[in-house]
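Read off the chains here:
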Amino acid sequence: MNLSLNRIKSQNQMTNIYIGSALLILSILDVFLNSFFRINISGSLPGNLSIFFPLILGFLGLSYLRTEYSGYKFLDSLNKNINTTNFNAFLTLFITFAILKAFPPALSWMVLDANISGDTKEACTGTGACWTYIKVWFKRFMYGMYPNELHWRINSAFLLVIGLGFVGYFFKENLKKYLALYYVVIYPIIAFLIIYYLISGGAFGLVWVETGAWGGLSLTFIVSFFCLIFCFPLGMILALGRRSNLPAIRYISVGYIEFWRGVPLITVLFMSSVMFPMFLPQDFFMDKLVRVIIAITLFEAAYCAEVIRGGLQALPRGQYDAAKSLGMGYWKMHIFVILPQALKLVIPGIANTFLALVKDTPLIFVVGLAEIAGMLALAKTNPKWLGFAMEGYIFAAIIFWIICYAMSKYSYNLEEKYKTER
Amino acid sequence: MNNKIKRILPQLLTILFVIFVFGFFTINAQVNMDNRGIDFGFGFLSQEASFDMQFTLLDYDGQDSYLWAYVVALLNTLLVSFLGIIFCTILGVIIGVARLSQNFLIKNSAAWYVEFFRNIPLLLQIFFWYYAALRALPLPENAQPWFGVTYMTIKGYYIPSMIWENLNVFMSCLIAAIVAIIFIRIYARKIQEREGKQLPVLYISLALITILPLFSFLIGGVTLDFEMPVLKQLAQTSFIFEGGIALPPELIALVLALSLYTSTFVAECVRAGIQGISKGQKEAAASVGLTPNQILKLVIMPQALRIIIPPTTNQYLNLTKNSSLAAAIAYPDLVLVFAGTALMQTGKAIEIVGITMLTYLSISLAIAALMNWYNKRIEIKEK
């Protein structure tokens, strides 16, 4: 293949470059005009040839352009990056044309032919997406059935919790030693109280809102946040248990971890909704949301434990030996020497666990909690707004994508940061 | 003496705590079940299930027992997992290799593919395919054939079914071919160790596996017919396809979402595995005169696979567990049929959820055990 293509090349390099760029530009122009303006300059060719015409043309063009060294910076970087072999050139063209072909329809559906004005389904007259639907349902997707005039409570609760999360940065030097205590014990308790009293109300003159009304994206955050702060201590205990040299404790921890890691989350949720009530004392009522949070916490603690165990194992033995030689006991050694170092190591891993947790929370829809997937299902079946499933799911996907992508980049940065510090 | 107490006391307390928790739950469960008039037991498994399933691999109808419903549903779960694993491996390997390409465009497209599909919750992806993308497909009467004989419609994907005659002859030929190939491989390895000659094992195997089954057609009386899906009019505006095999849209949506989602993780495993091989290995192999193909086959791949396979198996396991999301779009898998319908009908919450969890747990543990065995086997044995 290579040989035969080389044979048709001229001896003069400049001629090759001119012919090659002309062919390449022609092929790209053909696809461009075809997809953006629906002008098919190669339409007169018979049958399937008109489809493959730009591909063949571009392929020939790139093979003419391929030289060891031309002296032009742009051409050389082109050759080095996307045009090294015939196969590479083919893939390059394929991807470029695919993007060129897919871009205009996507653009016109999402932006050019889309509607966003108006408040009813009838306002959507274009052939594109109906963002009016998202606009009208936006508050429902974010806050669920939570009363409209009380949304400030959810917003302020989240702002407060996030703000308190940053308090650690402003600790004075002499308070730094309490940082771990603050984040592991005090912060979760305060955050729990804030979310509980602000969002569900019932005290301080706030109206009571039952958990059935909670929903949308805010519920995703509430569930994943609570599960994270509860599963962290439990995971820590389990990780220590798994590394303990007392057989009974070790086997119980291993059994616990392997059990929860072996079952899918959905069965755990089913368990929380149908099995938990059986296991609780008579007349003892537990809210569905609380049961779900407990179930996810128990489930996620096993994953958390494995992450923390990784951190514990990564510490050099010398740390344990040094602590023991100072006469520290098991708890003293772990609290003052081992855990502070291990936990710092596992922060990226915990961030990944949290990411997985956020991606898993839409599942609570299965047991009837109206989280964002649940609200979408509700909106989709509303007789006034039938037929907009596509817009709804794309909207939810974009929101989740932004959140998860930001988190994964953040955890990646943390990983890089701690890698260099050691 | 003091030391002994220090060792025994915590263990004793933990065991007592676990016993207490279990005991508390058992007593409560007993009281609750007594109050509601339910008794504990697995007798219901032999009762008539009396519900239908949309899609089954084995024969099943409402008169069969719950146990049979469980088996059929488990097979549906395994089918989704199997298809998902195959597609996610193919996609994942391609994307993983593409991420290491020198081509700027390919590298970045692959990276964005991974970032895109990995960061959207799986449930949303399943919903997107099922409720949005597959609903945009044509009705049966407007469907255009794909590859001439298959039809992709809003009601599912219709493919021709195969009608075999003397299938067992064909199968025994196939098994004979596989057994022969295994023997030839062993023999070829012996020859290579003794004389240093390499037999063209690949070509011999390919020839065997095509020629032997072909003989069964010519001599063994095996015939193969295809039953094509045919459009049939039920009423004025209602058409369906008859004949052939119908893959329901639930199955397609699930397999699509599962394989696209998991392929991103497989791709990362593949990339990490190939990157994990030091450049020196390649250079050393080249310096002893191996050809590029031999380097890939004999030096790079065996080492890379050692890194790739354990995390990839973990992803397969995740895929199998994630296939339980089928319940959200009403694909009759284990969770929907057993933990959903059967539970609703019998009210045996503890038994049914227990069986379901135990099934997934045993799949996970079996694969984990297999993985440990494999890891032990391929471990680099240092002297």
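These figures come from a predicted structure and were not determined experimentally.

Help me understand the overall build of chain B in this model?
The helix and strand tally for chain B stands at 11 helices and eight strands. Computed over C-alpha atoms, the radius of gyration of chain B comes to 27 Å, more than 25% over the 21 Å expected from 2.2 N^0.38 for 383 residues, which places it beyond the range of a compact globule. Viewed in the frame of its principal axes, chain B has a C-alpha envelope of about 90 × 80 × 50 Å. A buried classification covers 29% of the 383 residues belonging to chain B.

I would appreciate a short explanation of the overall build of chain A in the present structure.
What chain A contains, in helices and strands, is 16 helices and zero strands. Relative to the compact-globule value of 22 Å for 422 residues, chain A shows a C-alpha radius of gyration of 30 Å, a clear excess of over 25%. Projected onto its principal axes, the C-alpha positions of chain A cover 85 × 65 × 45 Å. Every one of the 422 residues in chain A was classed for burial, and the buried ones make up 32%. Put simply, 66% of the contacts in chain A that link residues at least 6 apart link residues at least 24 apart.

Is there a simple way to think about the interface of chain A and chain B in this case?
How big an interface is tends to be stated in terms of the accessible area lost upon association of its parts. Listed as interface residues are 43 residues of chain A and, on the opposing side, 47 residues of chain B. Those elements giving two or more residues to the side of chain A that touches chain B turn out to be α4 (73-82), α5 (86-112), α10 (247-262), α11 (265-279), α15 (372-380) and α16 (389-421) of chain A. For the side of chain A that touches chain B, the element with the highest residue contribution is α16 of chain A, accounting for 10 residues. Residues of the side of chain A that touches chain B, tallied by class, amount to 32 nonpolar, nine polar and two charged.

Is there a simple way to explain helix α10 (residues 334-346) of chain B in this structure?
Residues that lie three or four places apart on an α-helix share one face, since the helix turns once every 3.6 residues. Compared with an ideal rise of 1.5 Å per residue, which puts 13 residues at 18 Å, α10 of chain B spans 16 Å between its outermost C-alpha atoms and falls more than 12% short. Inspection of α10 of chain B places Leu334, Val335, Leu336, Val337, Phe338, Ala339, Gly340, Ala342 and Leu343 of chain B among the buried residues, and these make up the whole buried set. Packing partners of the buried residues in α10 of chain B comprise α11 of chain A together with α2 (66-98) and α11 (349-378) of chain B. Remark: Gly347 of chain B follows α10 of chain B within two positions and exhibits a positive phi of approximately 75 degrees.

Honestly, the environment of Gln54 of chain B in this entry has me stumped. Any pointers?
Residue and element names in this part refer to chain B. Relative to the helices and strands, Gln54 is located in the loop between α1 (2-36) and α2. On a C-alpha basis, the gap between Gln54 and Ala330 in space is 9.2 Å, while along the polypeptide they are 276 residues apart. What Gln54 contacts, discounting residues up to four positions off in sequence, is Pro248 and Pro332.

Quick question: what am I supposed to make of the domain arrangement of chain A here?
Taken as a whole, chain A is organised into domain 1 (2-112) and domain 2 (132-146 + 209-421). Averaged C-alpha coordinates put domain 1 of chain A and domain 2 of chain A at centres separated by 48 Å.

Explain the confidence of the model for chain B to me, please; I cannot follow it from the model alone.
Where the model shows low pLDDT, its predicted coordinates should not be examined in detail. Residues and elements named next belong to chain B. Within chain B, residue pLDDT values average 84, and 99% of them lie at 70 or more. Within chain B, strand β1 (residues 145-146) has the poorest average pLDDT of any element, 74, and helix α7 (residues 249-275) the best, 91. Here the predicted complex scores 0.86 on pTM and 0.84 on ipTM.

Explain the sheet that holds strand β2 (residues 150-153) of chain B to me, please; I cannot follow it from the model alone.
Whether parallel or antiparallel, the strands of a sheet pair through hydrogen bonds between backbone atoms. Residues and elements named next belong to chain B. The strand order across the open sheet built from four strands is β1-β2-β3-β8, with neighbouring strands paired in antiparallel fashion. Across the chains shown, the open sheet's two edge strands, defined by having one partner strand only, are β1 and β8 (245-247). Where β2 and strand β3 (residues 156-159) come together, three bridges link them in antiparallel fashion. Counted as the bridge partner of Tyr151 is Tyr158 from β3.

Would you take a moment to explain the environment of Ser325 of chain A for this structure?
All names here are of chain A. Positionally, Ser325 belongs in helix α13 (residues 317-325). With 8 C-beta atoms counted inside 10 Å, the residue Ser325 sits in the exposed group. In this structure the C-alpha to C-alpha distance between Ser325 and Lys417, which are 92 residues apart in sequence, comes to 31 Å.

Please explain the domain arrangement of chain B as it appears in this structure.
What the domain assignment lists for chain B is domain 1 (2-40) and domain 2 (66-135 + 249-378). Here domain 1 of chain B and domain 2 of chain B have C-alpha centroids that lie 38 Å from each other.

Could you clarify how one ought to interpret unusual backbone geometry in this entry?
What is expected of a backbone is that most residues other than glycine have negative phi and most peptide bonds are trans. In the Ramachandran plot, Ala330 of chain B falls in the positive-phi region, its phi being about 65 degrees despite a non-glycine side chain. Along the chain, the position of Ala330 of chain B falls in the loop between α9 (292-322) and α10.

Would you mind going over the pairing of strand β7 (residues 239-242) of chain B with me for this structure?
Within a regular strand, the side chains alternate between the two sheet faces. Residues and elements named next belong to chain B. Bridge count for strand β6 (residues 230-233) against β7 is four bridges, and the pairing is antiparallel. By the bridge assignment, Lys232 is partnered in β7 with Ile240. Between β6 and β7, which follow one another and run antiparallel, lie five residues.

Would you explain the pairing of strand β4 (residues 161-165) of chain B in this entry?
All names here are of chain B. The buried count for β4 comes to zero of five residues, which makes it a mostly uncovered element. Here β4 pairs with strand β5 (residues 223-227) via five bridges, running antiparallel. What sits directly across from Ser161, in β5, is Glu227.

Would you mind going over the packing of α10 of chain A against α1 of chain B with me for this structure?
In contact at an axis separation of 8 Å, α10 of chain A and α1 of chain B are set at 35 degrees when each is read in the N-to-C sense. Here Ala248, Ile249 and Ile252 of chain A of α10 of chain A come into contact with α1 of chain B, specifically with Pro10, Gln11, Thr14, Ile15 and Val18 of chain B. Split into classes, the residues belonging to the contact of α10 of chain A with α1 of chain B amount to six nonpolar, two polar and no charged.

I would appreciate a short explanation of the environment of Met171 of chain B in the present structure.
Here Met171 of chain B lies in helix α5 (residues 167-195). Once the C-alpha coordinates of Met171 of chain B and Leu212 of chain B are considered, the two residues, 41 residues apart in sequence, prove to be 10 Å apart.

What counts as what
- Residues numbered from 1 in each chain as written.
- Chains lettered and ligands numbered in written order.
- Predicted model: local features only at pLDDT ≥ 70, side-chain atom pairs only at ≥ 80, totals over all residues.
- Helix = DSSP H or I, 4+ residues; strand = E, 2+ residues; numbered from the N terminus.
- Rg over C-alpha atoms; globule rule 2.2 N^0.38 Å.
- Buried ≥ 20, exposed ≤ 12 C-beta atoms within 10 Å, placed from the backbone.
- Contact = placed C-beta atoms within 7 Å.
- Nonpolar A, V, L, I, M, F, W, Y, C, P; charged D, E, K, R; others polar.
- Expected span 1.5 Å × (residues − 1).
- Domains from an automatic or database assignment.
- pLDDT = per-residue confidence, 0-100.
- Pairing = 2+ DSSP bridges.
- Axes fitted to C-alpha atoms, helices over the stretch in contact; angles between N-to-C directions.

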